[in-house]
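Geometric and topological summary
Here are the chains, one letter per residue:
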Amino acid sequence: MIVVTGATGNVGRHVVEQLLAAGESVRALTRDPAGARLPARAEVVGGDLTRPRTVEPALKGASALFLFAAPGTAGPVLRAAGEQGVRRVVLLSSSAVTYDTEGSDNAIVAYHREIERETEESGLEWTLLRPCGFAVNTLRWAPRIRAGTVVRGPYARAEMALIHERDIADVATRVLLTDGHAGARYVLTGPEALTQAEQVRRIGEAVGRPARYEEVPPDVAREEMVRDGIPADFAEMTLRFQAGLIGVPTEISPAVEEITGRPARTFDQWAAERAADFR
Ligand SMILES: NC(=O)c1ccc[n+]([C@@H]2O[C@H](COP(=O)([O-])OP(=O)(O)OC[C@H]3O[C@@H](n4cnc5c(N)ncnc54)[C@H](OP(=O)(O)O)[C@@H]3O)[C@@H](O)[C@H]2O)c1
């Protein structure tokens, strides 16, 4: 039995499906079992990571845990996992923990570092997955691309090797099911670095209608983010983080291919699969 937390999320849903496809028994944790829309073969259980006692029943009799990094929650959940006999944990962390660029000393990086440390000290056999930005993040541009208007945002030249969320799940599934990954910290990226301007252009190609990114100054971007409901400190953090992605060579990790045995999916593949969301 493998417990998947964050099971209704971008990555967790694929982990559940892939473990089931591999013939594993899966217990999928969600705060809202009624609305979870998870496969019938998964055992869907209620639980909230911020209230560790509610997660304990889900851990009973499980051998492994896929852990979603909810801020401030990992310590007690990992202790409960050990007590319930769980032997292996695979943490969905973030490549941001490895950055030392301007803007990387932020709250998101700090809580991922803390959860990594708690995982390493859990006494379980642990593996850390450190993905970079998810391709699915670009859905934030969908309303403007659907409307045929230009995508406005900061730092058009900020560059990332966005990763297909299914590749993260493929790696997680392999690491949950096979030996030889204990104590590994895997940075996971897509196969090519693209600027934000190029990501928008490629989405336009997938949709079959030109799409364009228009850079706005950071101050304007900050105002627009706050007007769209993004908390001011998060907007500031995002801006500083993106500024740090300009002119710095993006490292492409071989880990997806090494672990799964096939190349990481390209951003073009992701955009083609999700083209309907942008039409
Ligand atoms: N997006 C990126 O670019 C990026 C980059 C690097 C790393 N990451 C890491 O990946 C994570 C996001 O993964 P994702 O996109 O798969 O997640 P997601 O789509 O945001 O979904 C996560 C799921 O976790 C569950 N959840 C949230 N808080 C919970 C709580 N307190 N207790 C129990 N379940 C809770 C929610 O399920 P229910 O509502 O069903 O309970 C939610 O569906 C980030 O948090 C970060 O750690 C993201």
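None of the values given here were measured: they were computed from a predicted structure. (Residues numbered from 1 in each chain as written. Predicted model: local features only at pLDDT ≥ 70, side-chain atom pairs only at ≥ 80, totals over all residues. Heavy atoms only, no water.)

What follows is about the overall build of the protein chain. Helices and strands together make up the secondary structure of the protein chain, namely 12 helices and 11 strands. Taking 2.2 N^0.38 as the reference for a compact globule, 279 residues should give roughly 19 Å; the C-alpha atoms of the protein chain span a radius of gyration of 19 Å, in line with that estimate. Each principal axis of the C-alpha distribution contributes one length, and for the protein chain these read about 55 × 35 × 35 Å. The 279 residues of the protein chain split such that 50% are buried. If you take every contact in the protein chain between residues at least 6 apart in sequence, the share linking residues at least 24 apart comes to 74%. With an accessible surface of roughly 13,000 Å², the protein chain has 49% of that area assigned to carbon and sulfur atoms. (Helix = DSSP H or I, 4+ residues; strand = E, 2+ residues; numbered from the N terminus. Rg over C-alpha atoms; globule rule 2.2 N^0.38 Å. Buried < 20%, exposed > 50% of the residue type's maximum accessible area, 1.4 Å probe, protein only. Contact = heavy atoms within 4.5 Å. Areas by Shrake-Rupley, 256 points an atom, 1.4 Å probe, with all protein chains shown as cover.)

Below, the discussion takes up the site of the ligand. Inspection of the region around the ligand gives 22 residues, with Thr8, Thr30, Leu49, His112 and Asn137 positioned closest. Interatomic distance of 2.6 Å between a side-chain N/O atom of Thr8 and an oxygen atom of the ligand. Considering the ligand on its own, with 910 Å² of exposed area, one finds that the protein chains cover 78% of that surface. When its residues are assigned to classes, the shell around the ligand shows 8 nonpolar, 12 polar and 2 charged. (Near = heavy atom within 4 Å. Polar contact = N/O pair within 3.5 Å; in protein donor to acceptor, adjacent residues only side chain to side chain. Nonpolar A, V, L, I, M, F, W, Y, C, P; charged D, E, K, R; others polar.)

Below, the discussion takes up the pattern of salt bridges. For the coordinates displayed, the defined rule picks out 23 salt bridges. Here Arg117 and Glu121 are joined by a salt bridge, their closest N and O atoms 3.3 Å apart. Here Arg117 falls in the partly exposed class, since its relative accessible area comes to 40%. The partner of Arg152 in a salt bridge is Glu214, and the shortest N-O contact between them spans 3.3 Å. (Salt bridge = Lys/Arg side-chain N within 4 Å of Asp/Glu carboxyl O.)

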